[in-house]
Amino acid sequence: MKIRSKKIMAVLMASAIGTGAFAVSAANLTKNVQLRYNNINVKVDGEHKMPNMEPFFIGDSVYVSLRDAGQLIGSQVNWNGTTNTVEINTSTSAHSALEAELAARNHELAVAKSEIQKMQVKIEQYEKKLGITDKEDNKQDNEQEDVTVEFAKVLEEALKELEKEYDDRYNIEWDLSLKGDEDKLEFKMSYDSMKFGDEFKDISKANLEKMAKDIMKDIQKECGDIKVEGEIYDKREKVEKATFTISAKGSFRFEYKGNSEFSAEDIKKYTEFIKNKYDNFPSLNLGGLFDGGSIRIRNMTIKEDDSDLEIEIYTDYANLSIAKRAWNEMDGTAKNKLESYLEDIQDDVETEFDTDATVYVLNESKDVIATYDTRLKLN
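Conventions used here
Residues numbered from 1 in each chain as written. Predicted model: local features only at pLDDT ≥ 70, side-chain atom pairs only at ≥ 80, totals over all residues. Heavy atoms only, no water. Pairing = 2+ DSSP bridges. Helix = DSSP H or I, 4+ residues; strand = E, 2+ residues; numbered from the N terminus. Axes fitted to C-alpha atoms, helices over the stretch in contact; angles between N-to-C directions. Parallel < 35°, antiparallel > 145°, perpendicular 65-115°, else oblique. Left-handed = near helix turned anticlockwise from the far one by under 90°. Contact = heavy atoms within 4.5 Å. Nonpolar A, V, L, I, M, F, W, Y, C, P; charged D, E, K, R; others polar. Salt bridge = Lys/Arg side-chain N within 4 Å of Asp/Glu carboxyl O. Buried < 20%, exposed > 50% of the residue type's maximum accessible area, 1.4 Å probe, protein only. Phe/Tyr/Trp six-rings, centres within 6.5 Å; stacked < 30°, edge-to-face > 60°. Lys NZ or Arg CZ within 6 Å of the ring centre and 35° of its normal. Patch = residues over 30% accessible without salt bridge, like charges linked within 9 Å, V, L, I, M, F, W, Y side chains within 5 Å. Areas by Shrake-Rupley, 256 points an atom, 1.4 Å probe, with all protein chains shown as cover. Lys, Arg positive; Asp, Glu negative; His and termini not counted. Charge placed at Lys NZ, Arg CZ, Asp CG, Glu CD.

A. Geometry of the sheet that holds strand β13 (residues 297-305). On the basis of which strands lie adjacent, the open sheet formed by five strands has the order β13-β14-β15-β16-β17 and mixed pairing. Of all strands in the sheet, those with a lone pairing partner are β13 and β17 (376-378), marking the two edges. On average, each strand axis in the sheet is inclined to that of its neighbour by 20°, with strand direction left out of account. With eight bridges connecting them, β13 and strand β14 (residues 308-315) associate as antiparallel partners. Of the residues in β14, the one forming a bridge with Asn-299 is Tyr-314.

B. The packing of helix α7 (residues 264-277) against helix α9 (residues 332-353), seen in detail. Across the interface, α7 lies against α9 with an axial gap of 11 Å and an inter-helix angle of 150°. By the angle between their directions, the pair α7 and α9 is classed as roughly antiparallel. As for the relative orientation of α7 and α9, their crossing is right-handed in sense. Packed against α7, whose contacting residues are Asp-266, Ile-267, Tyr-270, Ile-274 and Lys-277, the element α9 presents Ile-345, Asp-348, Val-349, Glu-352 and Phe-353 at the interface. In terms of residue class, the contact of α7 with α9 is made up of six nonpolar, no polar and four charged.

C. Spotlight on the pattern of salt bridges. Throughout the structure, instances matching the rule amount to 17 salt bridges. Close ionic contact of Arg-105 with Glu-108 constitutes a salt bridge, the shortest N to O distance being 3.5 Å. Here Glu-108 and Arg-105 lie together in helix α3 (residues 93-130), a separation of three residues that amounts to about one turn. Note on Glu-108: relative accessible area 46%, which makes it partly exposed. Between Lys-227 and Glu-229 there is a salt bridge; the shortest N-O distance is 3.7 Å. Accessibility expressed as a relative area gives 37% for Lys-227, which makes it partly exposed.

D. Expanded view of the pairing of strand β6 (residues 75-80). Sheet topology note: the β6/strand β7 (residues 85-90) ladder contains six bridges and is antiparallel. In the strand pairing of β7, Asn-80 is matched with Thr-85. Hairpin geometry of β6 and β7 is characterised by an intervening segment of four residues between the two adjacent antiparallel strands and by a positive phi of about 50° at Asn-84.

E. Here's a closer look at the packing of aromatic side chains. For the structure on display, the rule yields eleven aromatic pairs. Arranged with centres 6.5 Å apart and planes meeting at 70°, the rings of Trp-174 and Phe-200 form a pair that is edge-to-face. Note that Trp-174 is positioned in the loop between α4 (134-166) and β8 (175-180) and Phe-200 in helix α5 (residues 193-201), a separation of 26 residues in sequence. Of the two residues, Trp-174 and Phe-200, both sit in the buried class. With a centroid separation of 6.0 Å and an interplanar angle of 80°, the aromatic rings of Tyr-278 and Tyr-341 are classed as edge-to-face. With a gap of 63 residues between them, Tyr-278 in the loop between α7 and β13 and Tyr-341 in helix α9 connect regions that are remote in the sequence. With a relative accessible area of 9%, Tyr-341 lands in the buried category. A connected cluster of aromatic rings, assembled from ring pairs, spans Tyr-37, Phe-56 and Tyr-63. Over the ring of Phe-57 we find Arg-36, and its NZ or CZ is 4.3 Å from the ring centre. Over the ring of Tyr-233 we find Lys-188; its NZ or CZ atom is 4.1 Å from the centre of that ring.

F. Structural context of a negative patch on the surface. Among the surface-exposed residues, Glu-163, Asp-167, Asp-168 and Glu-173 lie close enough to one another that they form a single negatively charged patch. Topologically, Glu-173 is positioned in the loop between α4 and β8. Here Glu-173 falls in the exposed class, since its relative accessible area comes to 52%.

Quick look at the structure:
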């Protein structure tokens, strides 16, 4: 294709694309160049466009007519031969279209707001006729928020008091938490068995229950007569060791969570230890008709009952009507001595196997004559 005029040549060279384009100074200058055509395509925003003048290479650079490039993107390009100036005027048609679209949307929004305001006025008129007011609702909401904030402060103060009293109880570093509302509270008492496992085992079940009950009463003392649910938690093993609750009326329940992971061999070995440690039955005052100081232990066993343990103490206590009457008429001193003896055995077994245990005393006929499960019961 031939170049038709020096005017077109000047426009083409002014629209060079890429690197390596030649430079022309402001002075009048004529320079011969070699053009190379290679069916170059033009795309605008992903669409193929056909310029009036075919693009070409000069060296490694691609040239497109500035007039064509301007028209393809919505601008006007003119050559002012008088002043030797390329004049580019950007098109305002696209901007005008956008402005018209925006104005239409703004108008629609204004109409919608006006309709909403009209509807709001009608709603307020109907509410006024029905006696419904937002002020009353807002007042109730604000009062509820005030109560919630105030109760959160009560919980915070209650937790501080609990930490002062219990955070190092039984030489264990406890982590305490208390949360909930005016209807129900949740209390959690956690420890690390790796650091304080031995100290925890030294706490008897009775003492653990007493501590939990004291805590529940302290919480209700600070927060009011509210139902409280609590737990003692081993955060190392991630298991509950005990759960407990107290009702709004003060009814307390405690459950010790046992760990049934013990073998028959473990039970057998520990039975021998218990037999040696508690081989002397306490001397009991059973009255003049029967000598309770002569009762001896014939055997002692520990056996599993579901996840709990049963400790059986076989004595040579006679199965006679006189002996039975004397046993049932045991005085308070003898009962305290027997209860203390059975409680010590229970505590040792529960600590060793981390589960609940019940102690039974049997006579020579293998009849149960006494039971201890946190309290003494004579049969």
